[in-house]
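Below are the chains, spelled out letter by letter.
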Amino acid sequence: MSLADTVTTAARNAWALTFGDGIEAPEPTPSTVLSDAPHRELRRYDGASAEDPAVLLVPPLAAPAFCFDLRPDQSMARFLLESARAPYLVDYGDITFQDRRMGFETWIDDILPEAVREVSADRGGCPVDLVGWSIGGVLALLTAAADQTLPIRSITAVGAPLSYDHMVGARELRTLARLDGGRTATAAIRAVGGVSAQLTRIAYRATAWDRELERPFFIARNLADTATLARMETIDRFQNSLPGYPGRFYNQLWGRFILNNDIGKGVVRLGEREIALADITQPVLLVGGPNDVITAAAAVEHGTKTLTGSQEVRYETAPGSHLGILIARDTTWTYLDKFLRDRT
């Protein structure tokens, strides 16, 4: 590229980032809405054949559902289509104060089982492979554990926290909570109806504070590199779209998971009910990230100790951040492809 072309490109990118519409417009993978009820919109990505096996993508609550379809070269949905599979996505939409009574049971007993059954029916009654990221992976596992009659063939959990004893900051939070048994935090969350989207976004950015500090210098260094700036813009769009948590859900996460580590003990207690990970019989793939500062790799690997009833538990690692391991084509996607092929 000549000097004149470089200067022109840099000027165009600078304008796009400041006064324009951005470097690159979103290009979601074409999909068809199969059902559109509150907090459970179900989409089927277009292009699969009738014989392709179904894969249901399960996002976490505090992340936009398009985490599985960030851009054409960072889209697990497109990868699955290219791998002769039929990907589906369940989208929870925005979480507001009116949703404060939604808890883990809402997803485990209602939203996800309904999505699994609908996807299976759309594929002629064939079983469904679940792929969940972060808390989405935990929800997928608990859904399978809670009802073994569901047509689930396998579960993949990427960056799923399966032991809070291994999570950064959990021990410190427990020490503080001992002062009042965790009641102050519980009451505060209940009073405001949950954790707001704004607070979720601030917390997520805090985990990548170095990226935020280096952002101006990164832009300056790459002002003539349109592709690199487009990827940066995609991450920004993702961070700016993070939703919040309902009050009941987060209080359960705080009390049962963070403080008591039910998930690490293998049995989650929701009221009088117990859901045991050992009840899962389907094959499970776990992927952790040694550089993931949100879910430590050891917290993911702990699932190999609690998923004792599974036919097979594979644990793999992938480089990158919490989001990075989800879009790691050469590692996570390769593991997933082999895992799903072995199912057939």
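Nothing here was measured: the structure is a model prediction, and the numbers come from that model.

What counts and what doesn't
Residues numbered from 1 in each chain as written. Predicted model: local features only at pLDDT ≥ 70, side-chain atom pairs only at ≥ 80, totals over all residues. Heavy atoms only, no water. Buried < 20%, exposed > 50% of the residue type's maximum accessible area, 1.4 Å probe, protein only. Helix = DSSP H or I, 4+ residues; strand = E, 2+ residues; numbered from the N terminus. Pairing = 2+ DSSP bridges. Axes fitted to C-alpha atoms, helices over the stretch in contact; angles between N-to-C directions. Parallel < 35°, antiparallel > 145°, perpendicular 65-115°, else oblique. Contact = heavy atoms within 4.5 Å. Nonpolar A, V, L, I, M, F, W, Y, C, P; charged D, E, K, R; others polar. Lys, Arg positive; Asp, Glu negative; His and termini not counted. Salt bridge = Lys/Arg side-chain N within 4 Å of Asp/Glu carboxyl O. Phe/Tyr/Trp six-rings, centres within 6.5 Å; stacked < 30°, edge-to-face > 60°. Lys NZ or Arg CZ within 6 Å of the ring centre and 35° of its normal.

Moving on, we get to the pairing of strand β9 (residues 267-270). The two faces of a sheet get side chains in turn, since along a regular strand they alternate between them. With burial as the criterion, only one face of β9 is covered, namely that bearing V268 and L270; the residues V267 and R269 on the opposite face remain uncovered. Sheet topology places β9 next to strand β10 (residues 273-276); four bridges connect them, and they run antiparallel. Bridge pairing in β10 places V268 opposite I275.

We now examine the environment of D36. Within the secondary structure, D36 is located in the loop between β1 (31-35) and β2 (41-45). For D36, a relative accessible area of 60% gives the class exposed.

What follows is about the packing of helix α3 (residues 104-122) against helix α10 (residues 247-259). One can describe the packing of α3 onto α10 by two numbers: an axis separation of 7 Å at closest approach and a directional angle of 105°. Judged by the angle between their axes, α3 and α10 are roughly perpendicular. Along its contact with α3, which presents F104, E105 and W107, the element α10 presents R248, F249, Q252, L253 and F257. The class makeup of the residues in the contact of α3 with α10 is five nonpolar, one polar and two charged.

Turning to the sheet that holds strand β12 (residues 313-317), a few remarks are in order. Taken in spatial order, the eight strands make up an open sheet running β1-β2-β4-β3-β5-β6-β11-β12, and their pairing is mixed. Looking along the sheet, the strands with just one partner apiece sit at the ends: β1 and β12. Strand-to-strand twist in this sheet, taken as the mean axis angle between neighbours without regard to direction, amounts to 20°.

The topology assignment puts R78 in helix α2 (residues 76-82). At 4.1 Å, E27 is the nearest oppositely charged side chain to R78, a buried residue that forms no salt bridge. Excluding its chain neighbours within four sequence positions, the residues that come into contact with R78 are E27, P28, T29, D69 and P72.

Taken as a whole and assessed by the stated rule, the structure comprises eight aromatic pairs. Both rings, one in Y92 and one in W107, keep their centres 5.6 Å apart while their planes meet at 90°; by these two values the pair is edge-to-face. Here Y92 is found in the loop between β4 (86-91) and α3, whereas its partner W107 is found in helix α3, with 15 residues between them in sequence. Across this residue pair, the class does not change: Y92 and W107 are buried. Ring geometry for F104 versus F249: centroids 4.0 Å apart, planes at 10°, classification stacked. In this pair, F104 is assigned in helix α3 and F249 in helix α10, connecting sequence segments 145 residues apart. Taking relative accessible area as the criterion, F249 reaches 0% and is therefore assigned buried. Through successive ring pairs, a cluster of aromatic residues spans Y92, F104, W107, Y164, Y245, F249, Y250 and F257. Across the ring face of F339, the terminal group of R343 is positioned such that the distance to the ring centre comes to 4.6 Å.

Function cannot be read off these values alone, since they describe shape.
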